[in-house]
Amino acid sequence: AVTYRLTVVVLGLFTLIAGMLAGRRQLQGRAQIWAYYSSRAIRILPPFAIALLLFCLSGLLHWSDLGRALVLKPAFDSQPLRTLWYINMLVVFYAATPLIQVLGRWLSKRLPTWMDAASVLVLALAAAGLVISRIDSGLDPRLSIYFPAFALGVLMSGRLLGAAGDEPVLGSGTAMGWLAVLALLGIGLSVKVPGHDLESSLWSIPLATLAPLLVLLAALRGIRAPSLPLWLRTSSNASYFLYLLHRPILKELKPVIAGLAHHQPAPELLLFWGVAIPVALAVAWWTQRLYDRTARALGIA
């Protein structure tokens, strides 16, 4: 009841932030769009390919999944990847970013001033996801569940990033109060869905969109210092590679930890948190740093 919903909110938060960062620049014209696609491809696809290889070597994926994943097929053939489905999905979302911005600009010029183009478009995209998921049973339903959060991040990027400045744009007490009510409503709508079905039920869309927005705004209200703490910068820098690599690393460490803890649950849990997770974070940070340096040395970063 708790952990499955927490997973949906956390993944929604990842997706919202990804959209917010993707939408920092308004992409207009072929040159800007091509530069955006090139930078995203360099940042995401080579590490994704390496992770796929490690998943196959560790037995977490079949070798037949490798080719399918590289062409993004698992998001559309009802056979999503274990763990790496999220990166597969995110690539699709990044590809849609210029279109989201075009639709947002088009709507903002045609809607009455009292209507918010971002809200209208996100509602329309959520409705479209409902319809498409009903028609196409091969589509990974998580694309429909998390796409509104990504689109919201893209469309509200300026306002969300402004909320971290000296004059919060979206952080007023009244706005936060109404958003909290809507987030609670989203949680309420998910109550009818069993935990293990949350990532396939479209009743999760409000939970994956509204609760992450509330969490992000609450966090941004507290960011006023000129620099972030070291632990936050380190974990942020390592976050992408940590998502890619944590499963193979933990799979290899699991029997070692089980032996050290003599298969007792409490010591195993302590060792996972005290040893395995820090090891995974250290490896992720180091590989991200190595990848960045390699990309710069090759002149592709």
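Residues numbered from 1 in each chain as written. Predicted model: local features only at pLDDT ≥ 70, side-chain atom pairs only at ≥ 80, totals over all residues. Heavy atoms only, no water.

**Digging into the overall build of the chain**
And step 1. Helix and strand content of the chain: 11 helices and 0 strands.
And step 2. Ordering the α and β elements of the chain from the N terminus gives α-α-α-α-α-α-α-α-α-α-α.
And step 3. Taken against the 2.2 N^0.38 rule, which gives 19 Å for 301 residues, the C-alpha radius of gyration of the chain at 20 Å falls within 12% of a compact globule.
And step 4. With the C-alpha coordinates of the chain rotated into their principal frame, the extents come out at 65 × 50 × 45 Å.
And step 5. With 301 residues in all, the chain has 41% of them scored as buried.
And step 6. For the chain, the accessible surface area stands at approximately 16500 Å², while carbon and sulfur atoms represent 69% of it. (Helix = DSSP H or I, 4+ residues; strand = E, 2+ residues; numbered from the N terminus. Rg over C-alpha atoms; globule rule 2.2 N^0.38 Å. Buried < 20%, exposed > 50% of the residue type's maximum accessible area, 1.4 Å probe, protein only. Areas by Shrake-Rupley, 256 points an atom, 1.4 Å probe, with all protein chains shown as cover.)

**Considering unusual backbone geometry**
And step 1. Even without glycine at this site, Leu72 takes up a positive phi of about 65 degrees.
And step 2. With respect to the helices and strands, the residue Leu72 is situated in the loop between α3 (64-70) and α4 (85-110).
And step 3. With a phi angle near 65 degrees, Thr83 is a residue other than glycine that sits in the positive phi range.
And step 4. With respect to the element layout, Thr83 can be found in the loop between α3 and α4.
And step 5. On the basis of relative accessibility, which here comes to 11%, the residue Thr83 falls in the buried class.

**As for a nonpolar patch on the surface**
And step 1. A surface patch of nonpolar side chains, about 490 Å² in accessible area, is lined by Ile50, Leu53, Leu54, Leu57 and Trp63.
And step 2. When you line up the elements, Leu57 lands in helix α2 (residues 30-57).
And step 3. Look at Leu57 and you get exposed, because its relative accessible area is 58%. (Patch = residues over 30% accessible without salt bridge, like charges linked within 9 Å, V, L, I, M, F, W, Y side chains within 5 Å. Salt bridge = Lys/Arg side-chain N within 4 Å of Asp/Glu carboxyl O.)

**With respect to the pattern of salt bridges**
And step 1. Applying the stated criterion across every chain, the model contains 5 salt bridges.
And step 2. The residue Arg68 makes a salt bridge to Asp65 at a minimum N-O spacing of 2.6 Å. Of this pair, Arg68 and Asp65 are both found in helix α3, 3 residues apart, which corresponds to roughly one turn of the helix.
And step 3. By relative accessible area, Arg68 is classed as buried at 15%.
And step 4. Asp65 sits in the buried class, given a relative accessible area of 12%.
And step 5. Arg68 serves as the salt-bridge partner of Asp77, at 3.0 Å between the closest nitrogen and oxygen.

**Quick word on the packing of α2 against helix α10 (residues 230-260)**
And step 1. Contact pair α2 / α10: the axes reach a minimum separation of 9 Å and the direction vectors enclose 5 degrees. The angle between the axes of α2 and α10 places the two elements in the roughly parallel class. In this structure, α2 uses Arg43, Ile44, Pro47, Phe48, Ala51, Leu54 and Phe55 to contact α10, whose residues at the interface are Tyr240, Phe241, Leu244, Leu245, Arg247 and Pro248. (Axes fitted to C-alpha atoms, helices over the stretch in contact; angles between N-to-C directions. Parallel < 35°, antiparallel > 145°, perpendicular 65-115°, else oblique. Contact = heavy atoms within 4.5 Å.)

**Overview of helix α8 (residues 173-190)**
And step 1. Between the first and last C-alpha of α8 there are 26 Å, a value that for 18 residues agrees with the 26 Å anticipated at 1.5 Å per step.
And step 2. Of all the positions in α8, only Met176, Leu179, Ala183, Gly186 and Ser190 are classed as buried. All buried residues of α8 fall inside an arc of 75 degrees around its axis, so they share one side. Along α8, exposed side chains directed more than 90 degrees from the buried face belong to Gly173, Thr174, Trp178, Leu184 and Leu185.
And step 3. Those residues of α8 hidden inside the fold are in contact with α1 (3-22) and α9 (205-221). (Expected span 1.5 Å × (residues − 1). Arc of directions from axis to C-beta.)

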